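# Close look at the chain arrangement
Residues per chain are reported as follows:
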Amino acid sequence: VIDQRATSQFIISDFNKDKESFGSNEVSLLSCHFEDDTNLPINQFNSGDEIGLVIKVLCKTPIHCLNFAFLLKDKQGTIIFSESTAHYELNLITVENQVVETKFKFRMPRLLRGNYTLDLAVSDGTTYEHRQVLWQYDAFQVTVLEDKLVQGIFAPNDFRIFVST
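Presented here is a report on the structure given in the accompanying data block. (Residues numbered from 1 in each chain as written. Predicted model: local features only at pLDDT ≥ 70, side-chain atom pairs only at ≥ 80, totals over all residues. Heavy atoms only, no water.)

Check the secondary structure of the protein chain and you find 0 helices and 16 strands. Across the 165 residues of the protein chain, 40% fall into the buried class. In the protein chain, once contacts between residues fewer than 6 apart in sequence are set aside, the share between residues at least 24 apart is 77%. Total accessible area on the protein chain stands at roughly 9400 Å², and carbon and sulfur atoms take up 51% of it. (Helix = DSSP H or I, 4+ residues; strand = E, 2+ residues; numbered from the N terminus. Buried < 20%, exposed > 50% of the residue type's maximum accessible area, 1.4 Å probe, protein only. Contact = heavy atoms within 4.5 Å. Areas by Shrake-Rupley, 256 points an atom, 1.4 Å probe, with all protein chains shown as cover.)

Have a look at this one:
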């Protein structure tokens, strides 16, 4: 049995609120951070750790179908993976001056050594029909320091091989 549990080590920059953004300006991005499984803010972790990405906004106007998303991109801008609340049809309706916090919880896969960026998005509508309320480019710089046993873009966690003769 080969039990391959190598990890990638991640370092996350502070939230960069001043990066280029676009959108209808109906929300203000109040804060964004990563946290560990005990809900404490973190700036480093290993692949396979359960982490949370917390995004907090102030809705300046009523929004009829609020959604949050993030995209992890490599140095060429290729999307490695992304997730959106729109895929789950939450249909969150907000009122003027309402604060909304969303937390994405997941286990980061092992990635190749290098630099990545993370974009944040807030929209009003469905996956297929929406308007972009906010798109924050390069909100975080993500650096992968180690990439043991990664071939390709990423590798799954807790991968096992069983060989018998």
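Mapped onto the fold, F22 is located in strand 3 (residues 21-22). Taking the C-alpha atoms as reference, F22 lies 6.9 Å from Q136; in sequence the two are 114 residues apart.

A cluster of nonpolar side chains, contributed by Y88, L90 and L92, occupies part of the molecular surface with about 310 Å² of accessible area. Its place among the elements puts Y88 in the loop between strand 9 (79-84) and strand 10 (92-94). Residue Y88 is classed as exposed on the basis of its relative accessible area of 53%. (Patch = residues over 30% accessible without salt bridge, like charges linked within 9 Å, V, L, I, M, F, W, Y side chains within 5 Å. Salt bridge = Lys/Arg side-chain N within 4 Å of Asp/Glu carboxyl O.)

This part takes up unusual backbone geometry. With phi around 65 degrees, N25 is a residue other than glycine that occupies positive phi space. With a phi angle near 50 degrees, E89 is a residue other than glycine that sits in the positive phi range. Looking at where E89 falls in the secondary structure, it is placed in the loop between strand 9 and strand 10.

This paragraph deals with the pattern of salt bridges. Enumeration according to the criterion identifies 7 salt bridges in this entry. As a salt-bridge pair, K73 and D119 come within 2.9 Å of each other at their nearest N and O atoms. Residue K73 is located in strand 8 (residues 63-73), and its partner D119 is located in strand 13 (residues 114-125); the two are separated by 46 residues in the primary sequence. Residue class for D119 comes out buried when judged on its relative accessible area of 2%. Shared partners join several salt bridges into a network, and the residues in it are E26, D124 and R131.

Bringing the sheet that holds strand 4 (residues 27-35) into the picture now. In spatial order, the strands read 5-4-7-11; together these 4 strands make up an open sheet with antiparallel pairing. Looking at the sheet topology across the chains shown, the edges are occupied by strand 5 (41-42) and strand 11 (98-107). Both strand 4 and strand 5 contribute to a ladder of 2 bridges, which runs antiparallel. Looking at the pairing, F34 lines up with I42 of strand 5. (Pairing = 2+ DSSP bridges.)

This model, assessed by the stated rule, comprises 11 aromatic pairs. Ring centres of F15 and F140 lie 5.6 Å apart, and the angle between their planes is 40 degrees; this geometry places the pair in the tilted category. One end of the pair, F15, is in the loop between strand 2 (9-12) and strand 3; the other, F140, is in strand 14 (residues 130-144), and 125 residues separate them in sequence. Pairing F70 with F106 gives two aromatic rings, centres 5.5 Å apart and planes at 20 degrees, and the pair type is stacked. Pair noted here: F70 is in strand 8 and F106 is in strand 11, with a separation of 36 residues, a long-range link. In this pair, the class of F70 matches that of F106, namely buried. Joined through ring pairs, the aromatic side chains of F10, F15, F34, F45 and F140 make up one cluster. (Phe/Tyr/Trp six-rings, centres within 6.5 Å; stacked < 30°, edge-to-face > 60°.)

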